[in-house]
Amino acid sequence: MTSNHTDCHYCLQSLRGRKYALREENAYCVTCYDSLFANPCEECKQPIECDSKDLAYKGRHWHEACFKCAKCSRSLVEKPFAAKDEVLLCTECYSDEYSSKCFHCRKTIMPGSRKMEFKGSSWHESCFVCQYCRQPLGTKPLITKDNENYCVPCFEKQFAHHCYSCKKVITSGGVTYDDQPWHKECFVCAGCTTQLSGQRFISKDEYPYCVDCFSKLYAKKCAACKKPITALGGAKFISFEERQWHGECFKCAKCSVSLVGQGFLTRQDDVLCHECGSA
């Protein structure tokens, strides 16, 4: 900019026929303007003179030639860039250093592109799809099998079992009984509906029962102690003329010697060893 009639606001030298710069409506010769107002360049530390282009980012300034990627030195003028720890990087270098890699395609997820997060891993939005129908999963409910993601309808078609009790799909967990799949919450005692997963149970007519219910409903009573005989764990019991005994209860009514594996005599409702029976 030139003028024929003003003086420099700082050194008062005539600006006639000379370049000058305006600041807050005051005119300055180039030398004074640069010494008073020129910003230092972040890269070369030299003043950015008034006849040079001043590129600014977050309060910092660069010469146009100094505004470049800190890693590959390519110019960032009018190009996208990213900052990390106050260092400027082109998008390619930033991606190589800091961007996430897609769990599916293993390629970099570029800054500014949409990223999906699931179970601590990242996906391109276009890679985060159902393994079967290839439709985007987005924020829809999904089920993972063998590190592959499926929408719920596709998983049910391909893999899911149906509960023997309620006939609904078992999406996770479950119990197998009599070669049939059950939800844990559906696998209950046929008598009292207590959940049986992880518990002892006895089956009858294809239905499971807790020990208490089976004993109350079906177990025969010991002729000696009158308690149910469940035969859990392979416990031995003795049967004679429509009467049953626990193994430990089958003993002589008079001398209490065990009669298991021994000959015995009966007298009315009692069982006796040969010695007591012959006395």
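Keep in mind that what you see is a predicted model, and the values were worked out from it rather than measured.

The subject of this paragraph is the overall build of the protein chain. A count of helices and strands for the protein chain gives five helices and 23 strands. Its C-alpha atoms give the protein chain a radius of gyration of 45 Å, clearly above 19 Å, the size a compact globule of 279 residues would have. With the C-alpha coordinates aligned to their principal axes, the bounding extent of the protein chain is approximately 150 × 40 × 30 Å. Burial status across the protein chain gives 33% buried among its 279 residues. Within the protein chain, contacts between residues separated by at least 24 positions form 11% of all contacts whose residues are at least 6 apart in sequence.

Glancing now at the environment of Cys105. Following the sequence through the fold, Cys105 ends up in the loop between helix 2 (91-98) and strand 8 (115-118). The class of Cys105 is partly exposed, set by a relative accessible area of 27%. Along the primary structure Cys105 and His124 are separated by 19 residues, whereas in three dimensions their C-alpha atoms are 8.4 Å apart. The contact partners of Cys105, leaving out residues within four places of it in the chain, are His124 and Cys127.

Let's shift gears to the domain arrangement of the protein chain. Here the domain parsing of the protein chain yields domain 1 (174-217) and domain 2 (222-278). On a C-alpha basis, the centres of domain 1 and domain 2 stand 31 Å from each other.

This part is about helix 2. Restricting attention to buried positions, one finds in helix 2 the residues Thr91, Cys93, Tyr94 and Ser95. Where the residues of helix 2 are buried, they touch strand 6 (81-84) and strand 7 (87-90).

Further remarks concern the confidence of the model for the protein chain. Mean pLDDT over the protein chain stands at 84; residues scoring 70 or higher make up 95%. Ranking the elements of the protein chain by mean pLDDT puts strand 1 (residues 2-3) last with 46 and strand 5 (residues 60-63) first with 92.

What follows is about the pairing of strand 2 (residues 18-23). Two elements, strand 2 and strand 3 (residues 26-29), share four bridges in a ladder whose sense is antiparallel. Paired with Ala21 across the two strands is Tyr28, which belongs to strand 3. Here strand 2 folds back onto strand 3, and the loop between the two strands holds two residues, one of which, Glu24, carries a positive phi near 50°.

The subject of this paragraph is the environment of Thr193. Note that Thr193 resides in the loop between strand 15 (180-182) and strand 16 (201-204). It is 9.9 Å that separates the C-alpha atoms of Thr193 and Pro208, two residues lying 15 residues apart in sequence.

Glancing now at helix 1 (residues 30-37). Residues of helix 1 that are buried include every one of Cys32, Tyr33 and Asp34, and no others. Check the buried side of helix 1 and you find it contacts strand 2 and strand 3.

What follows is about unusual backbone geometry. Its identity as a non-glycine residue notwithstanding, Leu12 has a phi of 65°, on the positive side. Classification of Leu12 as exposed rests on a relative accessible area of 61%. In the Ramachandran plot, Glu25 falls in the positive-phi region, its phi being about 70° despite a non-glycine side chain. Classification of Glu25 as exposed rests on a relative accessible area of 78%.

What counts and what doesn't
Here, residues in each chain are numbered from 1, in the same order as that chain's written sequence. It should be noted that, the model being predicted, local features are given only for residues of pLDDT at least 70 and side-chain atom pairs only at 80 or more, the latter also being counted only at that level, while totals for whole chains, interfaces and linings use all residues. As a rule here, side-chain values come from all non-hydrogen atoms in the structure, and water together with hydrogens is ignored. Counting from the N terminus, the helices are the DSSP runs of H or I reaching at least four residues and the strands are the DSSP runs of E reaching at least two. For this measure, only C-alpha atoms enter the radius of gyration; the expected value for a globule follows 2.2 Å times N^0.38, where N is the number of residues. Between buried and exposed lies partly exposed: a residue is buried under 20% and exposed over 50% of the maximum accessible area for its type, with that area taken using a 1.4 Å probe on protein chains only. Only heavy atoms matter for contacts: two residues are in contact if any of them lie within 4.5 Å across the pair. Each domain's extent was defined by an automatic or database domain assignment. pLDDT gives the predictor's per-residue confidence on a scale running from 0 to 100. Strand pairing is assigned whenever DSSP identifies at least 2 bridges connecting the two strands.

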